[in-house]
Amino acid sequence: MRDKVFSKKEFIASVTENVKTMYRKTLKEATQQEIYQAVSLAVKDVVMDEWMATQQVIEKDDPKILYYMSMEFLMGRALGNNLINLGAYGEVKEALEEIGLDLSVIEDQEPDPALGNGGLGRLAACFMDSLATLGYAAYGCGIRYRYGMFKQQIIDGFQVEVPDNWLKDGYPFELRRPEYCYEIKFGGHVEETAGEDGNLHFEQVGYQSVLAIPYDMPIVGYGNHVVDSLMIWDAQPKEEFSLDSFDRGDYDQAVEQENLARNLVEVLYPNDNHVKGKELRLKQQYFFVSASIQRALERFKKHHNDLHDLPKKVTFQMNDTHPTVAVAELMRILLDEEGMSWDEAWEITTHCVAYTNHTIMAEALEKWPIDIFQRLLPRVYQIVDEINRRFVEEIRAKYPDNEEKVRKMAILYDGQVKMANLAIVAGYSVNGVARLHTEILEKQELRDFYELFPEKFNNKTNGITQRRFLAHGNPLLADWVTKHVGKDWITSLAKVEDLTKYATDPKAQQEFLEIKKQNKIRLAKYIKEHNGIEVDPNSIFDVQVKRLHEYKRQLMNILHVMYLYNQIKANPGMDFYPRTFIFGAKAAAGYRTAKKTIKLINTVADVINNDPSINGKIKVVFIEDYRVSIAEWIFAAADVSEQISTASKEASGTGNMKFMLNGAITLGTMDGANVEMYEEVGADNIFIFGMSADEVIAHEQHHDYNPYDIYNNDEDIKKVVNQLVDGTYSHNDRELFRELYNSLLNPQQGQVADRYFILADFRAYANAQKKIGVYYTNKSAWVKSAILNIAHSGKFSSDRTIQEYVDDIWKLDKIEVNTEGC
Ligand SMILES: *Cc1c(COP(=O)(O)O)cnc(C)c1O
């Protein structure tokens, strides 16, 4: 069937017809945006058949269903990815070429649905791709933010945030499902009445409410006709606001409900690894969680009449603590609406919800002030209170006279609701996202919980989808891989292992080099167009792209660039292979140090790029508005992947894996998944430097690190740190970068000097950088290492990760969709 629809002729006919019915235009008259809409609709038409077929199989086979609950889904563009997964990219590209259209230009019309901040949201997107490709029935549950992640503009070197109105032109791949509409209640109070059955009944009264309406987006599996759904919720006022509402009370009520609905889904909070206890965020969490659970239960009850079987057919995975209110919401429904006893409801709930931990950073742990939580969710709060009461009883029984245990593990403590504790107590599984991270959870951060519930803890090292980050993002390399090992890598990435044979093959090496060069030229053109900077594709492309955060240490990277510049200025004849340092990063809108780091990178770029005396040996580029679509090109063009977080702070990282898959060599610390990449690729093909996680943690515990010791004993370091405040990079403004200087040496109230050990690791970093420069000049050794990186990237496919979740946690059934003859 697919072959029929993607006959070139029929596809073009479909596009032509769409342009006509949508815009009353011919293809010649249509704008690129209109053509994008028409092409997307033609693709959606094909997807629809498989989507419906998948739904029918799910109805018929009744498999266990995963609900992946996540506040963020950083999907990236859909058109190209859908075509790849339908196996139709090449044909559609050719068909469009024949009528003078360029698919990549058309793809470029699509806004990136940026419903996420960074790694956590992108992980959810990779997981959906793998779930569909492996043939599991899954719904991604989230929020349809009207404004996604802000667009970043760089003005005068500073980040400026611009709203991302991604729905402005209409998004062709979404489907509104008003038939699934649920009421979500906030505020009011709980009334207890004795029912006829003699039990107490609880009812939330005097509340405000909104309606939740889902939009479904298709998640197309690769070559298997399976199409899963991303189900993201929009909010609507319960009654449309009516001007003829004369009753003053009704009028106020109507305005309030309208505002509540509008505000709820208005924006994605732009903080990564950092929470602020904003009431609206808790509302967003309850909103999408309650709606998703209601839809899941409604679906279950259509097929089954005993809710005790729920754990056999439904599982809810909580991506970080953000959806943890799911625990209490499921309890509430089972208790209040289904009339179950506490023990029955608890038995079911604790076999349905599972939790993924994403960080050990204290500022990222979600805690809600009890007063806010109770006011907003009065009945849900009562349930949390009861879960806590019972759990604290258990702690005291197990550890008599040990209030320290209660202080650390209670869900309610010190006026706060601790969401991670709730997730661990109720979850049937608690997983970290890389082996090192899980070990730190077990031995340090969650040690008390691990002691109590060792059987719940497990590791699931993150992964990425090779369909987007190789097949779509790097078509030249994808074809080269296929040529050498066959095409099975698209669904079984471990097959790339066979590339090992070609790592030293001169012809394969030459081809690899040429492909890397072409990808560097593609990126260089983009940089020329967007930054006005000429970069040399023969230079080393050394790349750090990821959210801007102090723990990721972009500051260490740019300080090292300043150090190199000092070296070259002082010693113009020194041996130095030309480098292009490429950065891309958004900073949370309110994160001052992070935003100053962006300004520093841009001013250093200005000074260095415009200094003719260094002969272009160093170029520095800050790519504006880092997002999935440009990320695909950046990974393809990278030689060196900077993964330089302070050891213990990066739970996994997934950017590191995308670089590896594209044949870049990692320069990194023994942190997150870097540890496992090192194991896979071997010490000869990765550059590791710096303190270990154990060393970092020991310093943190003993408070015995003093960056002044390093500053005073290393002239080169002293010089670059001083250059932050001597006007070198700020037209003599000595205050512009003062807070960066202070973060290293002069901690302000409540802070710690150089909390992320930048000066401690600087020398080791500079030495590793130097080795990289030398290694690069040995072309065949370099290419061998690059090819071996690809060859050993198999473990880091999200297909592997998802299969482990299925085997160890979710226990899903495979579905098979065959659209022949429908
Ligand atoms: C993969 C990815 C990330 C995560 O990168 P890390 O280096 O793991 O922090 C963030 N943003 C985008 C757009 C990505 O594709």
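Within an unreviewed UniProt entry, the label attached to the protein reads Alpha-1,4 glucan phosphorylase, and the organism entered is Roseburia faecis. UniProt's Cofactor (unreviewed entry) comment on the protein is quoted here verbatim: "pyridoxal 5'-phosphate". Listed in UniProt under the heading Sequence similarities (unreviewed entry), the comment for the protein reads: "Belongs to the glycogen phosphorylase family."

Draft legend 1. Here's a closer look at the overall build of the protein. In terms of helices and strands, the protein carries 33 helices and 25 strands. By the compact-globule yardstick of 28 Å for 822 residues, the protein fits well, its C-alpha radius of gyration being 27 Å. For the protein, the spread of C-alpha atoms along the three principal axes comes to 90 × 75 × 55 Å. In the protein, the share of contacts with a sequence separation of at least 24, taken over all contacts with a separation of at least 6, comes to 77%.

Draft legend 2. Looking closely at empty space enclosed by the protein. One pass over the full model with this rule turns up six cavities of 30 Å³ or more. Counted as a void, the second largest cavity has a volume near 220 Å³. Forming the walls of the second largest cavity are 20 residues, and the residues nearest its centre are M75, N81, P218, I219 and R468. Within the residue set of the lining of the second largest cavity, elements represented by two or more residues are α4 (79–86), α7 (119–134) and β11 (208–220).

Draft legend 3. A look at the site of the ligand. By nearness alone, 13 residues border the ligand, and K546, K552, T654, G655 and K658 come closest of all. Between an oxygen atom of the ligand and a side-chain N or O atom of K546, the distance comes to 2.7 Å. Measuring from an oxygen atom of the ligand, one finds a side-chain N or O atom of K552 at 2.7 Å. Protein burial of the ligand: of its 390 Å² of free accessible surface, 96% is covered by the chains. Breaking the shell around the ligand down by element, the ones donating at least two residues are α7 and α25 (655–661). Of the residues belonging to the shell around the ligand, the class tally is three nonpolar, five polar and five charged. Summarising the domain contributions, the shell around the ligand has at least three residues from each of domain 2 (62–76 + 112–462 + 805–810) and domain 3 (493–689 + 756–795).

Draft legend 4. Representation of the sheet that holds strand β16 (residues 412–413) within the structure. Strand order in the open sheet formed by three strands is β15-β17-β16, and the pairing between neighbours is antiparallel. If you trace the sheet from one side to the other, it starts and ends with β15 (367–369) and β16, each paired once. Note that β16 and strand β17 (residues 416–418) share two bridges and pair antiparallel. Within the sheet, the bridge partner assigned to L412 lies in β17 and is V417. Across the sheet, helix α16 (residues 419–426) is in contact with β15 and β17; its angle to β17 comes to roughly 45 degrees.

Draft legend 5. The arrangement of the nonpolar core in detail. Residues F287, F373 and I618 are the most contacted members of the largest nonpolar core, which totals 287 residues. For this core, the element with the highest residue contribution is helix α3 (residues 32–61), accounting for 13 residues.

Draft legend 6. Fine view of helix α20 (residues 475–485). Those residues of α20 lying buried are L477, A478, W480, V481, H484 and V485. Buried residues in α20, looked at end-on, bunch into an arc of 160 degrees, giving them a common side. Facing away from the buried side of α20 by more than 90 degrees, the exposed set consists of D479 and K483. Those residues of α20 hidden inside the fold are in contact with α19 (466–472), α21 (506–531), α25 and α32 (779–791). G486, located one to two residues past α20, shows a positive phi value of around 85 degrees.

Draft legend 7. How the structure looks around the UniProt feature "modified residue: N6-(pyridoxal phosphate)lysine" (unreviewed entry) in the protein. Following the UniProt record, one finds the feature "modified residue: N6-(pyridoxal phosphate)lysine" (unreviewed entry) at K658. As for its placement among the helices and strands, K658 is situated in helix α25. Setting aside anything within four residues of it in sequence, one finds K658 in contact with R122, I464, F469 and F635.

Draft legend 8. Structural view of the pattern of salt bridges. One pass over the full model with this rule turns up 61 salt bridges. Among the salt bridges present, the one from K528 reaches E534, with a minimum N-O distance of 3.5 Å. The exposed category is assigned to E534, whose relative accessible area is 52%. Each member of the salt-bridge network shares a partner with another, and the members are D343, E386, R389, R390 and E393.

Draft legend 9. A look at the side chain of K617. Within the secondary structure, K617 sits in the loop between α23 (592–609) and β22 (618–623). For the buried K617, no salt bridge exists, and the shortest N-O distance to an oppositely charged side chain is 8.3 Å, to D575. Within the structure, K617 has its side chain in polar contact with the backbone oxygen of P572 (distance 3.0 Å). Sequence-distant contacts of K617, that is, excluding residues within four places in its chain, are made with I568, P572, M574, F576, P578 and R579.

Draft legend 10. Inspection of the state of the cysteines at higher detail. For the structure on display, the rule yields zero disulfides. Counting only cysteine sulfurs, C141 is the nearest neighbor of C352, a cysteine outside any disulfide, at a range of 13 Å.

Draft legend 11. Region of the structure containing the packing of helix α31 (residues 758–777) against α32. Between α31 and α32, the shortest axis-to-axis distance is 5 Å and the interhelical angle comes to 105 degrees. Taken together, the axis directions place α31 and α32 in an arrangement best described as roughly perpendicular. Contacts between α31 and α32 involve I772, Y775, Y776 and T777 on the former and, on the latter, K779, A781, W782 and S785. Partitioned by chemical class, the residues of the contact of α31 with α32 number five nonpolar, two polar and one charged.

Draft legend 12. Main features of the pairing of strand β4 (residues 138–143). With six of its six residues buried, β4 lies for the most part within the structure. Of the two faces of β4, the one carrying A138, G140 and G142 and the one carrying Y139, C141 and I143 are both buried. Inspection of the sheet shows strand β1 (residues 65–69) paired to β4 by four bridges, in the parallel sense. Across the sheet, M69 pairs through a bridge with C141, a residue of β4. Inspection of the sheet shows β4 paired to strand β12 (residues 227–237) by five bridges, in the parallel sense. Its bridge partner being in β12, G140 is matched across the sheet by L230.

Draft legend 13. Expanded view of the environment of L759. Topologically, L759 is positioned in helix α31. The spatial distance from the C-alpha of L759 to the C-alpha of E439 is 26 Å, given a sequence separation of 320 residues. The contacts of L759, once residues within four sequence positions are left out, are Y705, P707, I710, Y711, I717, V721, L744, L745 and D754.

Draft legend 14. Representation of the packing of aromatic side chains in the model. Applying the stated rule across the entire model yields 25 aromatic pairs. Geometrically, the ring pair formed by F469 and F635 is edge-to-face, given 5.8 Å between the ring centres and 75 degrees between the ring planes. Highlighted residues: F469 in helix α19 and F635 in helix α24 (residues 628–637), separated in sequence by 166 residues. Look at F635 and you get buried, because its relative accessible area is 1%. Put simply, the rings of Y577, F687, Y775, Y776 and W782 touch in pairs and so form one group of aromatic residues. The ring of Y215 has R144 lying over it, and the distance from NZ or CZ to the ring centre is 3.7 Å. Between the NZ or CZ atom of K520 and the centre of the ring of F541, over which it lies, the distance is 4.9 Å.

Basis of the calculations
- Residues numbered from 1 in each chain as written.
- Predicted model: local features only at pLDDT ≥ 70, side-chain atom pairs only at ≥ 80, totals over all residues.
- Heavy atoms only, no water.
- UniProt positions renumbered as here; feature names shortened; annotations may be inferred.
- Helix = DSSP H or I, 4+ residues; strand = E, 2+ residues; numbered from the N terminus.
- Rg over C-alpha atoms; globule rule 2.2 N^0.38 Å.
- Contact = heavy atoms within 4.5 Å.
- 1 Å grid on protein atoms, 1.4 Å probe; cavity = no way out; pocket = protein on both sides within 12 Å on 5 of 7 lines; lining within 4 Å.
- Points joined across faces, edges and corners; volume = space filled by probe spheres on them.
- Near = heavy atom within 4 Å.
- Polar contact = N/O pair within 3.5 Å; in protein donor to acceptor, adjacent residues only side chain to side chain.
- Areas by Shrake-Rupley, 256 points an atom, 1.4 Å probe, with all protein chains shown as cover.
- Nonpolar A, V, L, I, M, F, W, Y, C, P; charged D, E, K, R; others polar.
- Domains from an automatic or database assignment.
- Pairing = 2+ DSSP bridges.
- Axes fitted to C-alpha atoms, helices over the stretch in contact; angles between N-to-C directions.
- Core = buried A, V, L, I, M, F, W, Y, C linked by side-chain atoms within 4.5 Å.
- Buried < 20%, exposed > 50% of the residue type's maximum accessible area, 1.4 Å probe, protein only.
- Arc of directions from axis to C-beta.
- Salt bridge = Lys/Arg side-chain N within 4 Å of Asp/Glu carboxyl O.
- Lys, Arg positive; Asp, Glu negative; His and termini not counted.
- Disulfide = S-S within 2.5 Å.
- Parallel < 35°, antiparallel > 145°, perpendicular 65-115°, else oblique.
- Phe/Tyr/Trp six-rings, centres within 6.5 Å; stacked < 30°, edge-to-face > 60°.
- Lys NZ or Arg CZ within 6 Å of the ring centre and 35° of its normal.

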